[in-house]
Amino acid sequence: MRHDHDADGEHTSSRRAFIRTTSVGMTAALVATSAAGAALAAPVSPAQEARATGRPLAVTPACDGHETPAATEGPLFKPQSPERTDFITPAVSGVRLDLSGIVYDTACKPLPGSLIEFWQCDQNGDYDTAGFSLRGHQYTNSRGAFRLRTIIPRDYWGRWGTRAPHIHTQVQAPGGPVLVTQLYFPDDTQAYGRDFARLNASDRLLNRACTITLAGPQGGGYTGAFDFVIQTTAT
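Residues numbered from 1 in each chain as written. Predicted model: local features only at pLDDT ≥ 70, side-chain atom pairs only at ≥ 80, totals over all residues. Heavy atoms only, no water.

## Remarks on the overall build of the chain
- Looking only at helices and strands, one finds five helices and eleven strands in the chain.
- In the chain, the proportion of contacts linking residues at least 24 apart, taken out of those at least 6 apart, comes to 78%.
- Roughly 10,600 Å² of accessible area belongs to the chain as shown, and the carbon and sulfur atoms make up 54% of that amount. (Helix = DSSP H or I, 4+ residues; strand = E, 2+ residues; numbered from the N terminus. Contact = heavy atoms within 4.5 Å. Areas by Shrake-Rupley, 256 points an atom, 1.4 Å probe, with all protein chains shown as cover.)

## Thoughts on the nonpolar core
- If you look at the biggest cluster of nonpolar residues, it comprises 34 residues, and the most contacted ones within it are Leu-99 and Phe-228.
- When contributions to this core are tallied by element, the ones reaching two or more residues are β1 (96-105), β2 (115-119), β4 (145-151), β7 (167-172), β8 (179-183), α5 (196-202) and β11 (228-230).
- Excluding residues that lie within four positions of it along the chain, Leu-99 makes contacts with Phe-118, Phe-146, Arg-147, Leu-148, Leu-183, Ile-212, Gly-224, Ala-225 and Phe-226.
- One finds Leu-76, Phe-77, Cys-121 and Tyr-156 within the second-largest nonpolar core, a separate group that totals six residues. (Core = buried A, V, L, I, M, F, W, Y, C linked by side-chain atoms within 4.5 Å. Buried < 20%, exposed > 50% of the residue type's maximum accessible area, 1.4 Å probe, protein only.)

## A short note on the state of the cysteines
- For the structure on display, the rule yields one disulfide.
- Disulfide pairing places Cys-63 opposite Cys-108 at an S-S distance of 2.2 Å. Taking the sign of the S-S torsion, about -85° here, the bridge from Cys-63 to Cys-108 comes out left-handed. Taken as a pair, Cys-63 in the loop between α4 (46-53) and β1 and Cys-108 in the loop between β1 and β2 lie far apart in primary sequence, 45 residues in all.
- Judged by relative accessible area, which is 28%, Cys-108 ranks as partly exposed. (Disulfide = S-S within 2.5 Å.)

## Focus on the pairing of β4
- Counted residue by residue, β4 has five buried out of seven residues, so it is predominantly covered.
- Here seven bridges tie β1 to β4, and the two strands are oriented antiparallel to one another. The residue of β4 that forms the bridge with Ser-100 is Arg-147. (Pairing = 2+ DSSP bridges.)

## So, the side chain of Glu-73
- Within the secondary structure, Glu-73 is located in the loop between α4 and β1.
- Assessed through its relative accessible area of 2%, Glu-73 is described here as buried.
- Only 2.8 Å separates the side chain of Glu-73 from the side chain of Gln-170, close enough to count as a polar contact. (Polar contact = N/O pair within 3.5 Å; in protein donor to acceptor, adjacent residues only side chain to side chain.)

## Some words on the environment of Ile-230
- On the secondary structure map, Ile-230 appears in strand β11.
- On the accessibility criterion, Ile-230 (0% relative accessible area) is buried.
- Sequence separation of Ile-230 and Val-178 is 52 residues, and the distance between their C-alpha atoms is 8.3 Å.

## Observations concerning the sheet that holds strand β3 (residues 135-139)
- Spatial ordering of the open sheet is given by β3-β2-β7-β8, a layout of four strands whose pairing is antiparallel. Either end of the sheet is taken by a strand with one partner, and the two such strands are β3 and β8. Ignoring strand direction, the axes of neighbouring strands in this sheet form an average angle of 20°. (Axes fitted to C-alpha atoms, helices over the stretch in contact; angles between N-to-C directions.)

## Side note on the pattern of salt bridges
- Throughout the structure, instances matching the rule amount to five salt bridges.
- One salt bridge connects Asp-86 with Arg-149, and the closest N-O pair in it is separated by 2.9 Å. With Asp-86 in the loop between α4 and β1 and Arg-149 in strand β4, this residue pair connects regions lying 63 residues apart in the sequence.
- On the accessibility criterion, Asp-86 (31% relative accessible area) is partly exposed.
- Residue Arg-149 is classed as partly exposed on the basis of its relative accessible area, which comes to 32%.
- In this structure, Asp-203 engages Arg-163 in a salt bridge whose closest nitrogen and oxygen atoms are separated by 2.7 Å. Placement of Asp-203 in the loop between α5 and β9 (213-218) and of Arg-163 in strand β6 (residues 161-163) is noted, with a sequence separation of 40 residues between them.
- A single salt-bridge network, built from bridges that share partners, covers Arg-154, Asp-155 and Arg-194. (Salt bridge = Lys/Arg side-chain N within 4 Å of Asp/Glu carboxyl O.)

In structure tokens form, the structure reads like this:
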């Protein structure tokens, strides 16, 4: 079943309210838990990805202190998603994407224990509104790093027209305000036989500053990098 997407909707905020009211002890526990799992997750920064592949970081340069641009949340955010870093299941097919990066504050200091929520449509342009396929949250490790194993979403269409492929994201430092944004893909991305340049150009909500840096395709998938810069206190 196809669903219309991305109209402005009410912000469901159960997890956000929880984090804002969490005690100092709970925040410390989250950071400790993230640090303990750092050796297993071992994400790498966009700069490391760039050095390994020989590609420049023109889209997501080193932190310059400017906050990542915000975007509409849309009506399809679901609270209480599972905590996980891997969206690939037997029911999920598509062009693979390994996305990694760092969450910084506006002083370019990495932020351990930050909450990152991702949700996206599938290879057919549909969101899972009954369950939590291609939905989940995670916490940055002791270096402020994250990694997500997922697929490149397809474009979709509905009463608001066609949207370019994108990934919805919420990012929040412990006790801080929530940044809601959307991540996009370069014009030369190859997936599902779609013309990403045309789709990007026709999407009135697209912000080029939120374009993921991609390497590939290689082995049927892409490696992506994106760094977030967020506020840690309300302004």
